[in-house]
Amino acid sequence: MSTIFRLLLVLVMGTSSLLYSCKKVEHGTDVPIVSINENTVSTIQVGKKLKVGFIANQVTDFTFSIVPVAAGEALMTENITVDPNTFIVSKEFDIPNQVSWIGDALLKISYTSEGQVIEKTKPITFTESNPQMFVVGGSIASGWEPTLSIPMTLYDKDSKSKFEVYEYVTVDGSGFKFLSTNVDWTDAFGKGTSDGTLLQSADAGNITVASDDFYRIRMDAEAKTYELLKSTWGVIGSATPNGWDSDTDMKFVGSKGIYTWKLTVNLTVGELKFRMNDDWIINIGGELSSLQQDGANIAIATAGKYDIELSRTASGYSAKISKN
C-alpha cells in the first residue's frame, strides 16, 4: 500500500508542477509588437491578390508598404488599424498587372513601440503574369456562369494575346463570349460590328455559329479579332484505305463537353496516324492512351475490320483501335 501511495503522490506533484508551468507561459508581453506571418507567400504573379497575415500585440495601428529592393518610391502604402481584441490580422491587396512591379521587393511594416519607430521587412518577388483567357456561353459546355468558363491556351509562342480552344458549339444557347477572368464578367469580349471582330464592352453581342459542329476557336485580345474553324479528324497511313495520300474521315459523335470521333474501317498491315482538317499541322500518334503531337506512327499488325475511336479530354487525346 505504501508503494501505491508514493506513486500517487509523485503523480499529483508532477501534475501540479505542469499546471503551474502552463500558467506561467500564459502571461504575454505588454510590449507593442507587429510581425508578418511566416506563411505569407514569397513569390506571386502581378495581377493577383496578395494575402498578408500580420501578428499584432498591444498595437492599435501600423503602416504596411511594399517597396522595391532597388532604390525608388514605395509601390503602395496603407495604414492598417487593429481591433483591440484581435491578435491576428489578415489583409488582401490587389497587385496591379504592371511591368513596374516585376522584380524583388520588400513587404514592410512600421509601428511605434515604447517611443521608438520599429521597421520590419519580408522579401517577396513579383513575377510576370501568365496571360489567360476563357470562353463562356450557352452554346458550349460551360453555360453562362463565369466560374465554369473554359480556359483557352496560347497558340503562338511569340504572342501573349493569341488564344485558342477546341469546343463543340451549337446554334442553340445564344452563342458565347470571351472572358479575361473566370471570376466575373469584368472586361469581357463579345462580337464587334462585324463577323470576326471583337468589342470589349458590356454592350458587345454574343458570338454565334451557323451550324452545330466541333470548332477551333481563336481570338486575339490585342487585335480584338476572333476566328472560327470547323475541325474534322481522320486517319491516314499505309494501313488505311487511302494510304499516305489522303485521310479517311471519322465521324463526330460527341456533344457539348463530350468530344468523340468514331470510324469503322478495313485496315491492312501497316501504320496510321490521326490528322485534323486533312493537314499535317496537327497530327497525333504514339501511345493510344496518350497521343502526342508529331507522335510515332501507330502499327497495325493484322489486317481486318476495325472500330476506331478518338477522344479528347482536358488532359489531351486518346484512342481505341479494336479489331472486329
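What you see as residue numbers is a count from 1 along each chain, following the sequence as written. Selection of residues for local features in this predicted model requires a pLDDT of at least 70, selection of side-chain atom pairs for listing and counting requires 80 or more, and totals for whole chains, interfaces and linings are taken over all residues. Hydrogens and water are ignored here; the side-chain numbers use all heavy atoms of the structure.

Enquirer: Teacher, can you tell me more about unusual backbone geometry here?
Expert: Trans peptide bonds make up the majority, and among non-glycine residues the majority have a negative phi. Not every positive phi belongs to a glycine, and aspartate 187 is a case in point at roughly 55°. One can find aspartate 187 in the loop between strand S13 (177–179) and strand S14 (190–191). Here aspartate 278, not a glycine, exhibits a phi torsion of approximately 55°, which is positive. Helix numbers and strand numbers start at the N terminus; a helix is a DSSP run of H or I with at least 4 residues, a strand a run of E with at least 2. In this fold, aspartate 278 is placed in the loop between strand S22 (270–276) and strand S23 (279–285).

Enquirer: Which parts of the structure should I look at to understand the sheet that holds strand S6 (residues 88–94)?
Expert: Adjacent strands of a sheet pair through backbone hydrogen bonds, lying either parallel or antiparallel. If you trace the three strands from one edge of the open sheet to the other, you get S1-S3-S6, paired in antiparallel fashion. If you trace the sheet from one side to the other, it starts and ends with strand S1 (33–36) and S6, each paired once. Geometrically, the sheet is characterised by an average inter-axis angle of 25° between neighbouring strands, direction not taken into account. Any two strands between which DSSP finds at least two bridges are classified as paired. Across four bridges, S1 lies against strand S3 (residues 49–57) in antiparallel orientation. Orientation is described by lines fitted to C-alpha atoms, with helices fitted over the stretch in contact, and by angles between N-to-C directions that extend from 0 to 180 degrees.

Enquirer: Even after reading the chapter, I still don't get the nonpolar core, so can you show me in this structure?
Expert: Soluble globular proteins: nonpolar side chains tend toward being buried together. Among buried residues, those of type Ala, Val, Leu, Ile, Met, Phe, Trp, Tyr and Cys that are joined through side-chain atoms within 4.5 Å constitute a nonpolar core. Each residue is placed in one exposure class: buried if its accessible area under a 1.4 Å probe, protein chains only, is under 20% of its type's maximum, exposed if it is over 50%, and partly exposed if it falls in between. Grouped together as the largest cluster of nonpolar side chains are 26 residues, with contacts concentrated most on Trp261, Phe274, Ile308 and Leu310. Looking at this core, the elements with two or more residues in it are strand S12 (162–169), strand S18 (233–236), strand S21 (259–267), S22, strand S25 (298–300), strand S26 (304–313) and strand S27 (316–323). Here this core takes five residues from S21, the largest share from any one element. If we skip the residues at most four places from it in the chain, leucine 310 touches Trp233, Met250, Tyr259, Thr260, Trp261, Phe274, Ile284, Leu291, Tyr317, Ser318 and Ala319. In what follows, residue pairs with any heavy atoms lying within 4.5 Å of each other are defined as contacts.

Enquirer: For this particular structure, what's the right way to read the pattern of salt bridges?
Expert: We count a salt bridge whenever a side-chain nitrogen from Lys or Arg sits within 4 Å of a carboxyl oxygen from Asp or Glu. Under the criterion given, the structure shown has 11 salt bridges. Its salt-bridge partner being aspartate 94, residue lysine 49 comes within 2.5 Å of it at the nearest N-O pair. With lysine 49 in strand S3 and aspartate 94 in strand S6, the pair connects residues that are 45 residues apart, well separated along the chain. Considered together, lysine 49 and aspartate 94 belong to a single accessibility category, that of exposed residues. Of the charged contacts in the structure, one is a salt bridge between aspartate 156 and lysine 162, with a shortest N-O distance of 3.6 Å. On the basis of relative accessibility, which here comes to 25%, the residue lysine 162 falls in the partly exposed class.

Enquirer: Mind showing me how you'd approach the pairing of S23 here?
Expert: When a strand is regular, its side chains alternate between the sheet's two faces. In the sheet, S22 pairs with S23 via three bridges, with the strands oriented antiparallel. The partner of arginine 275 across the bridge, within S23, is asparagine 283. The turn linking S22 back onto S23 is made up of two residues, and asparagine 277 within it adopts a positive phi angle of 55°. Bridge count for S23 against strand S24 (residues 292–293) is two bridges, and the pairing is antiparallel. When the sheet's bridge partners are listed, isoleucine 284 is paired in S24 with glutamine 293.

Enquirer: Would you mind going over the pairing of S21 with me for this structure?
Expert: Looking at chain direction, strand S20 (residues 251–252) and S21 are connected through two bridges and run antiparallel. Paired with lysine 251 across the bridge in S21 is lysine 262. Taking the residues between adjacent antiparallel strands as the criterion, S20 and S21 are bridged by six residues, where glycine 257 takes a positive phi near 80°. One ladder, built from nine bridges, connects S21 with S26; its direction is antiparallel. Bridging from a neighbouring strand, leucine 267 pairs with glycine 304 of S26.

Enquirer: What should I look at first to understand the packing of aromatic side chains in this one?
Expert: Think of a pair of aromatic rings as described by two things: how far the centres are apart, and how the planes are tilted against each other in angle. Note on aromatic pairs: the rings of Phe, Tyr and Trp (six-membered ring only in Trp) are paired at centre separations within 6.5 Å, and the planes decide the class, stacked below 30 degrees, edge-to-face beyond 60, tilted for the rest. Applying the stated rule across the entire model yields 15 aromatic pairs. Centroid distance phenylalanine 64 to phenylalanine 93: 4.7 Å. Interplanar angle 25°. Geometry classified as stacked. Within this pair, whereas phenylalanine 64 is found in strand S4 (residues 61–68), its partner phenylalanine 93 is found in strand S6, the two being separated by 29 residues in sequence. Just as phenylalanine 64 is buried, phenylalanine 93 falls in that class too. Aromatic pair phenylalanine 214 and tryptophan 261: ring centres 4.8 Å apart, planes at 90°, arrangement edge-to-face. Of this pair, phenylalanine 214 sits in strand S16 (residues 213–220) while tryptophan 261 is found in strand S21, placing the two residues 47 residues apart along the sequence. Accessibility classification places phenylalanine 214 together with tryptophan 261 in one group, the buried group. Taken together, the aromatic side chains of Tyr166, Tyr168, Phe214, Trp233, Phe252, Tyr259, Trp261 and Tyr317 make up a single cluster linked through ring pairs.

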